[in-house]
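So you can see what is in the structure, the chains are spelled out below.
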Amino acid sequence: MFCLTDKENKEYNPSGDLARKIANKIKRGREKKAELAPDTKIAMFSRYISILAVGEKKDINDLMNYTVYQLMDEFNRYELKLQYDSWEKYRIAGATGLDDPEDWLKDIHES
């Protein structure tokens with residue numbers, strides 16, 4: 001489902017002058033790209049799993065068995081619930097002028 005191979009770091013072994021020129025041009029392009037945008041690795045799904053494990057007091061191993069759909073569904077629902085809970089705490093503490101939060105029980109899959 002996901003392409004996990006790193007095609008960006010493939011090294012070329014040119015066999016002729018023209019091939020060597022092309023390989024050098026590709027290498028210079030990659031170096032320039034690295035200068036402009038430093039390599040930042042984002043582990044989105046592992047971050048979501050960690051957040052859900054702590055926030056919902058669930059076993060991380062159980063969450064690791066979720067499909068991408070299940071993980072995203074639960075994470076989106078959890079975000080809505082957090083927003084509602086925060087709003088409710090502020091309201092109980094006497095805050096006024098707060099916008100009502102989205103209904104965390106709504107159908108999150110409607111178009």
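The structure this text deals with has already been given above.
Residues numbered from 1 in each chain as written. Predicted model: local features only at pLDDT ≥ 70, side-chain atom pairs only at ≥ 80, totals over all residues. Heavy atoms only, no water.

**Focus: a nonpolar patch on the surface**
Counted only if it meets this: The residues that make up patches have over 30% relative accessible area and no salt bridge, and they are joined within 9 Å when like-charged or within 5 Å when they are Val, Leu, Ile, Met, Phe, Trp or Tyr. Note on areas: these come from Shrake-Rupley sampling with a 1.4 Å probe, and a residue is covered only by the protein chains present in the view. Every case where a carboxyl oxygen of Asp or Glu lies within 4 Å of a side-chain nitrogen of Lys or Arg is listed as a salt bridge. Numbering of helices and strands starts at the N terminus; helices are DSSP runs of H or I of at least 4 residues and strands are runs of E of at least 2. With a 1.4 Å probe rolled over the protein chains alone, any residue whose accessible area is under 20% of its type maximum counts as buried; one over 50% counts as exposed, and the rest are partly exposed.
A cluster of nonpolar side chains, contributed by Leu18, Ile22 and Ile26, occupies part of the molecular surface with about 270 Å² of accessible area. Inspection of the secondary structure puts Ile26 in helix 1 (residues 17-36). The class of Ile26 is partly exposed, set by a relative accessible area of 31%.

**Topic: the packing of aromatic side chains**
Working definition: an aromatic ring pair is given by the centre-to-centre distance plus the angle between the planes. Quick reminder of the rule: Any two of the Phe, Tyr and Trp rings considered here, Trp counted by its six-membered ring, make a pair once their centres fall within 6.5 Å; the pair's planes then place it as stacked at under 30 degrees, edge-to-face at over 60, or tilted in between. Each ring is checked for a lysine NZ or an arginine CZ that lies within 6 Å of its centre and within 35 degrees of its normal; such an atom marks a charge sitting over the ring.
Counted by the stated rule, this structure contains two aromatic pairs. Aromatic side chains Tyr48 and Phe75 sit 3.8 Å apart centroid to centroid with 5° between the ring planes, which places their arrangement in the stacked category. Placement of Tyr48 in helix 2 (residues 44-55) and of Phe75 in helix 4 (residues 68-92) is noted, with a sequence separation of 27 residues between them. Take Tyr48: its relative accessible area is 17%, and that puts it in the buried class. Between Tyr84 and Trp87, the aromatic rings sit 5.7 Å apart at their centres with planes inclined by 40°, giving tilted as the arrangement. Here Tyr84 pairs with Trp87, and both are found in helix 4, just three residues apart, close to one helical turn. Exposure remark for Tyr84: the relative accessible area of 23% places this residue in the partly exposed category. By relative accessible area, which is 15% here, Trp87 ends up buried. Taking NZ or CZ as reference, Lys81 lies 4.9 Å from the ring centre of Trp104, over its face.

**Some remarks on the side chain of Glu74**
Our working rule: Note on contacts: a residue pair qualifies if any of its non-hydrogen atoms lie within 4.5 Å across the two residues.
With respect to the helices and strands, the residue Glu74 is situated in helix 4. Residues within four places of Glu74 in sequence aside, it is in contact with Leu52, Glu56, Lys58, Leu63 and Tyr66.

**Points about the nonpolar core**
Here is a general trend for soluble globular proteins: nonpolar side chains tend to be buried in one another's company. Which entries qualify depends on this criterion: As used in this record, nonpolar core signifies buried Ala, Val, Leu, Ile, Met, Phe, Trp, Tyr and Cys residues forming a set joined through side-chain atoms within 4.5 Å.
By size, the foremost hydrophobic cluster in this structure holds eight residues: Tyr48, Ile49, Leu52, Ala53, Leu63, Leu71, Phe75 and Tyr78. The set of elements that each furnish at least two residues to this core consists of helix 2 and helix 4. The element best represented in this core is helix 2, accounting for four residues. For Ile49, the residues in contact, after removing those within four places along its chain, are Ile60, Leu63, Met64 and Leu71.

**Some thoughts on the environment of Leu105**
Here Leu105 lies in the segment after helix 4. Residue classification places Leu105 among the exposed residues on the basis of a relative accessible area of 60%. The spacing of Leu105 and Leu80 is 25 residues in sequence and 8.4 Å in space, taken between C-alpha atoms.

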